[in-house]
Amino acid sequence: MGILTAIAIAAGAGGAVVSAPIVLGAVGFTSAGIAAGSCAASMMSAAAVANGGGVAAGSLVAVLQSAGMAGLSGAATAAVGSVGGAVGFLATLI
């Protein structure tokens, strides 16, 4: 592995971890809950309709809401960093 590949992997992993909370907030998953009129609110509405009126625990909306309110857990941070690193690596192949 070359130095440029290592830099790309590190940048991808670091960038993903840093940008995840920003992106979550931008789509409406905030520390105060789901923002009215946001993409997150639309997702929650659709999930509630599909589930008979409530959002299922463990669903994508529930997980993103939890991450938006409390931040990413250690496992979630590792997963986001891994995906970012993989994207950084794949970018060196282009």
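The structure displayed is predicted, hence computed values, not measured ones.

Rules of the game
- Residues numbered from 1 in each chain as written.
- Predicted model: local features only at pLDDT ≥ 70, side-chain atom pairs only at ≥ 80, totals over all residues.
- Heavy atoms only, no water.
- Helix = DSSP H or I, 4+ residues; strand = E, 2+ residues; numbered from the N terminus.
- Rg over C-alpha atoms; globule rule 2.2 N^0.38 Å.
- Buried < 20%, exposed > 50% of the residue type's maximum accessible area, 1.4 Å probe, protein only.
- Polar contact = N/O pair within 3.5 Å; in protein donor to acceptor, adjacent residues only side chain to side chain.
- Contact = heavy atoms within 4.5 Å.
- Core = buried A, V, L, I, M, F, W, Y, C linked by side-chain atoms within 4.5 Å.
- Expected span 1.5 Å × (residues − 1).
- Axes fitted to C-alpha atoms, helices over the stretch in contact; angles between N-to-C directions.
- Parallel < 35°, antiparallel > 145°, perpendicular 65-115°, else oblique.
- Left-handed = near helix turned anticlockwise from the far one by under 90°.
- Nonpolar A, V, L, I, M, F, W, Y, C, P; charged D, E, K, R; others polar.
- pLDDT = per-residue confidence, 0-100.

Engineer: Whenever I open this one, the overall build of the protein confuses me. Can you help?
Structural biologist: When its secondary structure is counted, the protein shows 4 helices and 2 strands. From first element to last, N terminus to C terminus, the protein shows the α and β order α-β-β-α-α-α. Taken over C-alpha atoms, the radius of gyration comes to 16 Å for the protein, far larger than the 12 Å a tight globule of 94 residues would show. For the C-alpha atoms alone, the extent of the protein along its principal axes is close to 50 × 25 × 25 Å. When the 94 residues of the protein are sorted by exposure, 20% land in the buried category.

Engineer: Got a minute to help me understand the side chain of Ser38 in this structure?
Structural biologist: Mapped onto the fold, Ser38 is located in the loop between β2 (33-34) and α2 (39-50). Using a relative accessible area of 12% as the deciding quantity, one classes Ser38 as buried. Within the structure, Ser38 has its side chain in polar contact with the backbone oxygen of Ala35 (distance 2.6 Å). Beyond its immediate sequence surroundings of up to four residues, Ser38 is in contact with Val27 and Gly28.

Engineer: So what exactly am I meant to see when it comes to the nonpolar core here?
Structural biologist: One broad rule of soluble globular proteins: the nonpolar side chains tend to lie buried together. Residues Leu24, Phe29, Ala40, Val61 and Ala67 constitute the largest nonpolar core, which totals 5 residues. If we ignore the near neighbours within four places in the chain, the residues touching Ala67 are Leu24 and Leu72.

Engineer: Can you help me understand α2 in this one?
Structural biologist: Along an α-helix, residues three or four apart share an orientation, since each turn contains 3.6 residues. Taking 1.5 Å per residue, 12 residues should reach 16 Å; α2 reaches 17 Å between its end C-alpha atoms and fits that length. A side-chain oxygen of the first residue of α2 lies 3.3 Å from the backbone nitrogen of Ala40; this N-cap is Ser38. Two residues or fewer after α2 comes Gly52, characterised by a positive phi angle close to 75 degrees.

Engineer: Could you clarify how one ought to interpret the packing of helix α1 (residues 3-27) against helix α4 (residues 74-92) in this entry?
Structural biologist: When two helices pack together, you describe them by how their axes are tilted relative to each other and by the distance separating the axes. At a minimum axis separation of 7 Å, α1 and α4 run at an interaxial angle of 140 degrees. Judged by the angle between their axes, α1 and α4 are oblique. With respect to the hand of their crossing, α1 and α4 are arranged in right-handed fashion. On α4, the residues that touch Leu4, Thr5, Ala8, Ile9, Gly12, Ala13, Ala16, Val17 and Ala20 of α1 are Thr77, Val80, Gly81, Gly84, Gly85, Gly88, Phe89 and Thr92. Split by residue class, the contact of α1 with α4 holds 9 nonpolar, 8 polar and no charged.

Engineer: Before we go on, may I ask you to explain the confidence of the model for the protein in this structure?
Structural biologist: In low-pLDDT segments, the atomic positions of the prediction should not be examined closely. When pLDDT is averaged across the protein, the result is 89; 100% of the residues are at 70 or more. Mean pLDDT in the protein bottoms out at helix α3 (residues 60-70), which sits at 88, and peaks at α2, which reaches 94.

Engineer: Can you help me understand the environment of Ala13 in this one?
Structural biologist: Tracing the backbone through its elements, the reader meets Ala13 in helix α1. With residues up to four places along the chain from it excluded, the contact list for Ala13 reads Gly81, Gly84 and Gly85.

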